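Residue-level structural notes
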Amino acid sequence: CGLAKLFTRVTDQRQALETPLDKLIPTLSSQIIYYPYILVEYKPAFGHIFADYLTSYSHWGYSDIDVVFGDMTRWIDTDEWNDYDIVTYGFGDQDKLYLRGQFTFHKNDPKVINQLWRHCKYLSEMDIRYSEKNASERKFESAEGCYSQAVPRTNKQLNMKTA
């Protein structure tokens with residue numbers, strides 16, 4: 001599965017993989033086929049995973065699969081596009097700093113913004129999570145929680161908006 005190969009890009013800074021790519025890719029491919037929901041775990045890393053496809057775009061984002069978009073300029077304010085590094089839309093709990101899976105978009109900044117996911121250790125250690133010794137312990141982990149805590153803790157000066 002070509003998608004599995006793309007998703008293994010999250011291991012690119014690991015020196016020695018516990019599970020080599022030639023075993024990791026087929027394992028991840030079968031996980032994607034039988035448990036496609038695991039792809040949502042990697043939403044925060046999409047800017048890195050799909051970097052080759054995003055070079056001509058100013059922003060990238062993710063949303064729930066049941067969200068349908070129309071003319072985004074009609075409901076995303078100009079300041080949200082220009083003044084913020086990350087904008088996240090919540091539904092009924094906007095007072096909480098939480099990067100929502102329903103809809104969050106990021107400035108396309110390959111060196112800083114697109115690398116913030118690395119502060120969620122489990123995302124970059126895919127090879128450990130999918131190793132044979134951990135096969136019986138594999139579980140879904142929500143990226144929202146980890147990413148929501150990791151981003152504000154970075155030493156980066158980020159402009160974020162919850163709407």
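Residues numbered from 1 in each chain as written. Predicted model: local features only at pLDDT ≥ 70, side-chain atom pairs only at ≥ 80, totals over all residues. Heavy atoms only, no water.

**Considering the overall build of the chain**
When its secondary structure is counted, the chain shows eight helices and four strands. Listed N to C, the secondary structure of the chain is α-α-α-α-β-α-β-β-α-α-α-β in terms of helices and strands. Taking all 163 residues of the chain together, 41% fall into the buried category. In the structure as shown, the chain presents an accessible area of about 9500 Å², 51% of it carried by carbon and sulfur atoms. (Helix = DSSP H or I, 4+ residues; strand = E, 2+ residues; numbered from the N terminus. Buried < 20%, exposed > 50% of the residue type's maximum accessible area, 1.4 Å probe, protein only. Areas by Shrake-Rupley, 256 points an atom, 1.4 Å probe, with all protein chains shown as cover.)

**Re the layout of surface pockets**
Of the voids in this model, the largest pocket is the one considered here, and its volume is about 360 Å³. Considering the residues around the largest pocket, the lining is formed by 20 residues, among which Tyr-37, Val-40, Lys-43, Ser-63 and Asp-64 are closest to the centre. Those elements that provide at least two residues to the lining of the largest pocket are strand E1 (59-63) and helix H8 (143-153). What lines the second largest pocket is simply Phe-46, Phe-50, Leu-54, Tyr-57, His-59, Trp-60, Gly-61, Tyr-62, Met-72, Trp-81, Phe-103 and Phe-105. When contributions to the lining of the second largest pocket are tallied by element, the ones reaching two or more residues are E1 and strand E3 (103-107). If one sorts the elements of the lining of the second largest pocket by residue count, E1 sits on top with four residues. Among the residues making up the lining of the second largest pocket, the classes are represented as ten nonpolar, two polar and no charged. (1 Å grid on protein atoms, 1.4 Å probe; cavity = no way out; pocket = protein on both sides within 12 Å on 5 of 7 lines; lining within 4 Å. Points joined across faces, edges and corners; volume = space filled by probe spheres on them. Nonpolar A, V, L, I, M, F, W, Y, C, P; charged D, E, K, R; others polar.)

**With respect to the pairing of E3**
The element E3 is extensively covered by neighbouring structure, given that four of its five residues are classed as buried. By the bridge criterion, five bridges tie E1 to E3 in an arrangement that is antiparallel. Bridging across to E3, Trp-60 finds its partner in His-106. Across three bridges, strand E2 (residues 86-88) lies against E3 in antiparallel orientation. Counterpart to Thr-88 in the pairing with E3 is Thr-104. (Pairing = 2+ DSSP bridges.)

**What to know about helix H2 (residues 21-34)**
Given a rise of 1.5 Å per residue, 14 residues ought to cover 20 Å, and the 20 Å separating the end C-alpha atoms of H2 matches this to within 8%. What H2 keeps buried is the set Leu-24, Leu-28, Ser-29, Gln-31 and Ile-32. Taken end-on, H2 shows its buried residues confined to a sector of 165 degrees, consistent with a single buried face. The exposed residues of H2 that point more than 90 degrees off its buried face are Asp-22, Ile-33 and Tyr-34. (Expected span 1.5 Å × (residues − 1). Arc of directions from axis to C-beta.)

**A closer look at the nonpolar core**
Soluble globular proteins tend to pack their nonpolar side chains together in the buried interior. In this structure, Phe-7, Leu-28, Tyr-42, Phe-46, Ile-49, Met-126 and Tyr-147 are the most contacted members of the largest nonpolar core, which totals 30 residues. Elements with a minimum of two residues in this core: helix H1 (2-7), H2, helix H3 (46-49), E1, helix H6 (121-124) and H8. If you tally residues by element for this core, the top one is H8, at four residues. Core analysis: the second largest hydrophobic core is formed by five residues, Ile-76, Tyr-89, Phe-103 and Phe-105 among them. (Core = buried A, V, L, I, M, F, W, Y, C linked by side-chain atoms within 4.5 Å.)

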